[in-house]
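Listed below, chain by chain, are the residues.
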Amino acid sequence: QVQLVESGGGLVQPGGFLRLSCEASGSISSIYTTGWYRQAPGKQRELVAVVGANGDTRYADSMQGRFNIYRDNAKNTTYLQMNSLTPDDTAVYYCSAVIRTITGTAHTMYWGQGTQVTVSS
């Protein structure tokens, strides 16, 4: 059993910042790529950023330079620092992680429950 628990969402004014956290717990053997996706009302879920176990990162074009993804492997936690937020960033943000469990042999992608980010004045 693996769980991803997100925190840090909320209401912020345009131009503000938030830091999201995602902690993985359970019967974890290895954590590979982790990342953040978001889904705005009426839109499809889209990639925000991903980070590999070695720290390599990839961002969606619209987030490049404003968002920073990083992870603390000792804490099984992935963070998303979001700066210069605009109303277009309003969405539910989901954490993802590719994990191999202690009893499993396959790499499986797990998802968090989502955290709401609202950018509004």
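As a reminder, the structure under discussion sits directly above these lines.
Chains are numbered independently. Their residues run from 1 in the order of the written sequence. Whole-chain, interface and lining totals are the exception, using all residues; otherwise, since this is a predicted model, local features are given only for residues with pLDDT of at least 70 and side-chain atom pairs are given and counted only at 80 or more. Just so you know, side-chain values use all the structure's heavy atoms and leave hydrogens and water out.

1. Examining the pattern of salt bridges
Here is step 1: Put simply, a salt bridge is a Lys or Arg side-chain nitrogen that is within 4 Å of an Asp or Glu carboxyl oxygen. Enumeration according to the criterion identifies 3 salt bridges in this entry.
Here is step 2: Put simply, Arg-38 and Asp-89 hold a salt bridge, and the shortest N to O gap is 2.9 Å. With Arg-38 in strand S4 (residues 28-39) and Asp-89 in the loop between strand S8 (77-82) and strand S9 (91-101), this pair connects stretches of sequence that are 51 residues apart. Side by side, Arg-38 and Asp-89 carry an identical accessibility label, which is buried.
Here is step 3: We note a salt bridge from Asp-89 to Arg-66, for which the minimum N-O separation is 2.8 Å. Only runs of H or I of at least four residues qualify as helices and only runs of E of at least two qualify as strands under DSSP, and these elements are numbered from the N terminus. Summary of the burial criterion: residues with accessible area below 20% of their type's maximum are buried, those above 50% are exposed, and those between are partly exposed, where the area comes from a 1.4 Å probe applied to protein chains only.

2. Things to note about the sheet that holds S8
Here is step 1: Strand order across the open sheet formed by 4 strands is S1-S3-S8-S7, with antiparallel pairing between neighbours. The open sheet has two edge strands, strand S1 (2-7) and strand S7 (67-72), and neither has a second partner. Ignoring strand direction, the axes of neighbouring strands in this sheet form an average angle of 15 degrees.
Here is step 2: Strand pairing is assigned whenever DSSP identifies at least 2 bridges connecting the two strands. Pairing analysis gives 6 bridges linking S7 to S8, with the strands arranged antiparallel. When the bridges of S8 are listed, Phe-67 appears paired with Met-82. Orientation is described by axes fitted as lines to C-alpha atoms, over the contacting stretch for helices, and by angles from 0 to 180 degrees between their N-to-C directions.

3. Side note on the state of the cysteines
Here is step 1: Here, a disulfide means two cysteine sulfur atoms that sit within 2.5 Å of each other. Inspection of every chain in the model, using the stated rule, returns 1 disulfide.
Here is step 2: The residue that forms a disulfide with Cys-22 is Cys-95, at a sulfur-sulfur distance of 1.9 Å. With the S-S dihedral at roughly -75 degrees, the linkage between Cys-22 and Cys-95 falls on the left-handed side. Within this pair, whereas Cys-22 is found in strand S3 (residues 18-26), its partner Cys-95 is found in strand S9, the two being separated by 73 residues in sequence.
Here is step 3: Judged by its relative accessible area of 3%, Cys-22 falls in the buried class.

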